[in-house]
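Geometric and topological summary
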Amino acid sequence: MTAEDAKSFFSRELLLWYRASKRDLPWRRSRDPYRIWVSEVMLQQTRVETVIPYYERFMERFPTAVALAEAPEEEVLKLWEGLGYYSRARNLQAGAREVAELYGGAVPDDKEAVARLKGVGPYTAGAIMSIAFNRPEPAVDGNVMRVLSRYFCLEDDIAKPSTRKKIERLAVSLIPEGAASDFNQGLMELGALVCTPKSPGCLTCPVMAQCAGRLAGKERELPVKTKAKPPRPELRLAALIVGTGPRAGQVLVRRRPDRGLLARMWELPHIELAKGSSETALFGGNDDAVHRQLARRLAAELMRETGLPVRPLGWREDAEHVFSHIHWHMRVYTAELDSSGAFRFEGDDRTWIAAEAAGVYDAGFFCEDEQAAPLLAAAAGDLPPGYRWIGPEDMGELAFPNLFLRILNAYWQQEGNADAMDDEMTNGGMIG
DNA sequence: AAATCGGGGAT
DNA sequence: ATCCCAGATTT
């Protein structure tokens with residue numbers, strides 16, 4: 001049995017297996033390259049079962065590249081809410097705009113042109129070209145690296161970029177004549193359903209007979225992969241600032257910056273507790289003294305940043321949120337805005353901003369008069385740039401990361417219940 | 001080459 | 001708890 005025999009065996013058997021047992025997935029019911037493109041971007045680092053409902057909603061709303069190109073960005077982000085890696089959504093729309101303007105709305109049957117689209121890297125370009133156009137291009141993802149590492153017993157570290165390129169060269173050489181679409185999908189399907197990371201189902205594998213990794217008894221050791229560093233911890237304090245008077249039932253939120261983590265998503269105002277600051281020592285505590293001090297720090301820092309006269313009311317909940325590289329330990333405090341006598345002024349060219357009447361006795365600081373202007377405006381009721389009041393009816397338009405989505409939805413639900421109970425008691429009391 | 005960028009399901 | 005998922009982009 002030569003190496004060439006092992007390769008042609010693999011290609012032949014895998015193709016037969018895929019055609020006999022492929023799953024019925026939404027993006028497999030069409031060869032529209034736009035649909036393939038959307039599915040592949042959603043599937044980046046994301047499981048099939050997670051993607052399906054997002055894909056269905058997205059395609060219903062944006063059935064063509066032109067429809068996506070013409071949509072408001074916020075609507076695209078909202079449909080991506082909860083899926084993660086939000087730059088994918090913005091890059092996809094940027095790519096759709098390229099397709100609309102440069103190619104009349106049709107994804108071109110051109111490898112270089114597709115590879116130049118925003119958010120389309122080596123894998124996605126290969127996937128679009130092979131799946132939609134049946135071009136013999138490699139589409140090497142984590143599944144493919146695992147399957148081929150095992151079948152050919154390759155000990156290269158798949159975390160290294162050079163290994164992906166090596167496996168791409170191997171993958172191209174395996175594509176059967178005229179069957180790139182089914183073969184590439186079969187490779188990934190095998191990795192997803194049979195050649196799984198932990199306990200591979202070798203006994204049902206169509207290519208087990210020639211799998212070098214299994215024949216060497218190494219199917220569980222492969223592929224070799226250096227493990228990722230654990231996410232670094234960050235201590236954060238968030239404010240659930242609830243409206244009063246005409247703002248009753250509303251909550252103050254803000255939009256994140258254009259770049260970086262959770263770019264352009266909405267969130268609750270919050271601060272990071274500086275590493276090594278005195279409050280970090282108290283972070284885990286749960287008694288009144290701890291909460292008073294943490295809430296005071298939160299109010300002072302937010303007031304320094306925004307000028308808003310934040311008055312903490314009490315601890316609400318703790319929330320954990322783990323990203324790939326950061327672990328947020330968040331404590332959430334309920335608060336109000338209260339500018340009654342919160343600001344006083346001294347000196348000729350410098351202003352003393354304080355919040356004594358708001359109960360934040362150590363929140364004062366000096367600043368230049370010009371810098372004081374926006375703070376005074378905030379005290380008067382203006383909001384800083386990017387901030388706005390919302391009610392539950394606004395949740396359908398604004399995209400929040402899951403962490404804040406959970407906190408807000410719990411609050412709206414609780415408010416709804418409280419209102420219902422008020423009505424009930426009012427009715428009972430008045431009528432009785 | 002290493003870091004950044006979400007979130008969840010499986011084990 | 002740990003891994004990793006139909007990865008791309010920036011540093």
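Cut-off values and rules
Residues numbered from 1 in each chain as written. Chains lettered and ligands numbered in written order. Predicted model: local features only at pLDDT ≥ 70, side-chain atom pairs only at ≥ 80, totals over all residues. Heavy atoms only, no water. UniProt positions renumbered as here; feature names shortened; annotations may be inferred. Helix = DSSP H or I, 4+ residues; strand = E, 2+ residues; numbered from the N terminus. Buried < 20%, exposed > 50% of the residue type's maximum accessible area, 1.4 Å probe, protein only. Contact = heavy atoms within 4.5 Å. Areas by Shrake-Rupley, 256 points an atom, 1.4 Å probe, with all protein chains shown as cover. 1 Å grid on protein atoms, 1.4 Å probe; cavity = no way out; pocket = protein on both sides within 12 Å on 5 of 7 lines; lining within 4 Å. Points joined across faces, edges and corners; volume = space filled by probe spheres on them. Nonpolar A, V, L, I, M, F, W, Y, C, P; charged D, E, K, R; others polar. Phe/Tyr/Trp six-rings, centres within 6.5 Å; stacked < 30°, edge-to-face > 60°. Lys NZ or Arg CZ within 6 Å of the ring centre and 35° of its normal. Near = heavy atom within 4 Å. Polar contact = N/O pair within 3.5 Å; in protein donor to acceptor, adjacent residues only side chain to side chain. Core = buried A, V, L, I, M, F, W, Y, C linked by side-chain atoms within 4.5 Å. Domains from an automatic or database assignment.

In the annotation of an unreviewed UniProt entry, the entry for chain A reads Adenine DNA glycosylase, and the organism field reads Paenibacillus cisolokensis. Turning to chain A, the UniProt record has this under Function (unreviewed entry): "Adenine glycosylase active on G-A mispairs." Entered under Catalytic activity (unreviewed entry) in the UniProt record, the comment concerning chain A runs "Hydrolyzes free adenine bases from 7,8-dihydro-8-oxoguanine:adenine mismatched double-stranded DNA, leaving an apurinic site."

**Re the overall build of chain A**
Secondary structure summary: chain A contains 15 helices and nine strands in total. Across the 432 residues of chain A, 48% fall into the buried class. The long-range share in chain A, meaning contacts at least 24 apart out of those at least 6 apart in sequence, stands at 65%. Working note: accessible area of chain A is about 21,400 Å², and carbon and sulfur atoms make up 51% of it.

**Regarding the layout of surface pockets**
The volume enclosed by the largest pocket comes to roughly 1,500 Å³. Lining the largest pocket we find 44 residues, and of these Leu 43, Gln 45, Asp 141, Gly 142 and Asn 143 sit closest to its centre. Listed by contribution, the elements that provide at least two residues to the lining of the largest pocket are α3 (48-61), α8 (122-133), α9 (142-151), α10 (161-174) and α11 (180-193). Considering only residue class, the lining of the largest pocket consists of 17 nonpolar, twelve polar and 15 charged. As a volume, the second largest pocket reaches approximately 550 Å³.

**Comments concerning the packing of aromatic side chains**
A full pass over the atoms with the stated rule returns eleven aromatic pairs. Both rings, one in Phe 10 and one in Phe 183, keep their centres 6.3 Å apart while their planes meet at 80°; by these two values the pair is edge-to-face. Remark: Phe 183 occurs in helix α11 and Phe 10 occurs in helix α1 (residues 3-21); sequence separation between them is 173 residues. Judged by its relative accessible area of 0%, Phe 10 is buried. A residue is classified by how much of its surface remains accessible, and Phe 183, at 0% relative accessible area, is buried. An aromatic cluster is present here, built from Phe 10, Tyr 151, Phe 152 and Phe 183 joined pairwise through their rings. Of note, Arg 57 hangs over the ring of Tyr 54, and the distance from its end group to the ring centre comes to 5.0 Å. Over the aromatic face of Phe 283 sits the side chain of Arg 331, whose NZ or CZ is 5.6 Å from the ring centroid.

**Re the protein's contact with DNA strand B**
Lining the immediate environment of DNA strand B, one finds 22 residues, of which Tyr 86, Leu 262, His 321, Ser 324 and Asn 402 sit closest. Near the protein, meaning within 4 Å, the atoms of DNA strand B are sugar or phosphate in a fraction of 63%, with bases accounting for the rest. Measuring from a base nitrogen of DNA strand B, one finds a side-chain N or O atom of Thr 46 at 3.0 Å. A distance of 3.2 Å is found between a phosphate oxygen of DNA strand B and a side-chain nitrogen or oxygen belonging to His 325.

**Quick notes on the nonpolar core**
Ranked by size, the top nonpolar core spans 101 residues in total, and within it Phe 10, Tyr 34, Trp 37, Phe 58, Leu 148, Phe 400 and Leu 408 carry the most contacts. Per element, the largest residue contribution to this core is eight residues, and it comes from α8. Here this core gathers at least three residues from each of two domains, domain 1 (3-215) and domain 2 (232-427). Non-local contacts of Phe 10, meaning those with residues more than four positions away in its chain, are made with Val 147, Leu 148, Tyr 151, Leu 174, Phe 183, Leu 187 and Val 207. Leu 235, Leu 298, Val 310 and Tyr 333 belong to the second largest nonpolar core, which has 20 residues in total.

**Re the side chain of His 321**
Tracing the sequence through the fold places His 321 in strand β5 (residues 310-322). Contacts of His 321, omitting those with residues within four sequence positions, involve Ile 326, His 327, Trp 328, Asn 402, Leu 403 and Arg 406.

**Side note on the protein's contact with DNA strand C**
Taken together, 27 residues sit near DNA strand C, with Gln 45, Gly 119, Thr 124, Asp 141 and Arg 146 positioned nearest. Of everything in DNA strand C that lies within 4 Å of the protein, sugar and phosphate atoms constitute 64%. Arg 47 has a polar side-chain atom sitting 3.3 Å from a base oxygen of DNA strand C. Residue Arg 146 places a side-chain N or O atom 2.6 Å away from a phosphate oxygen belonging to DNA strand C.

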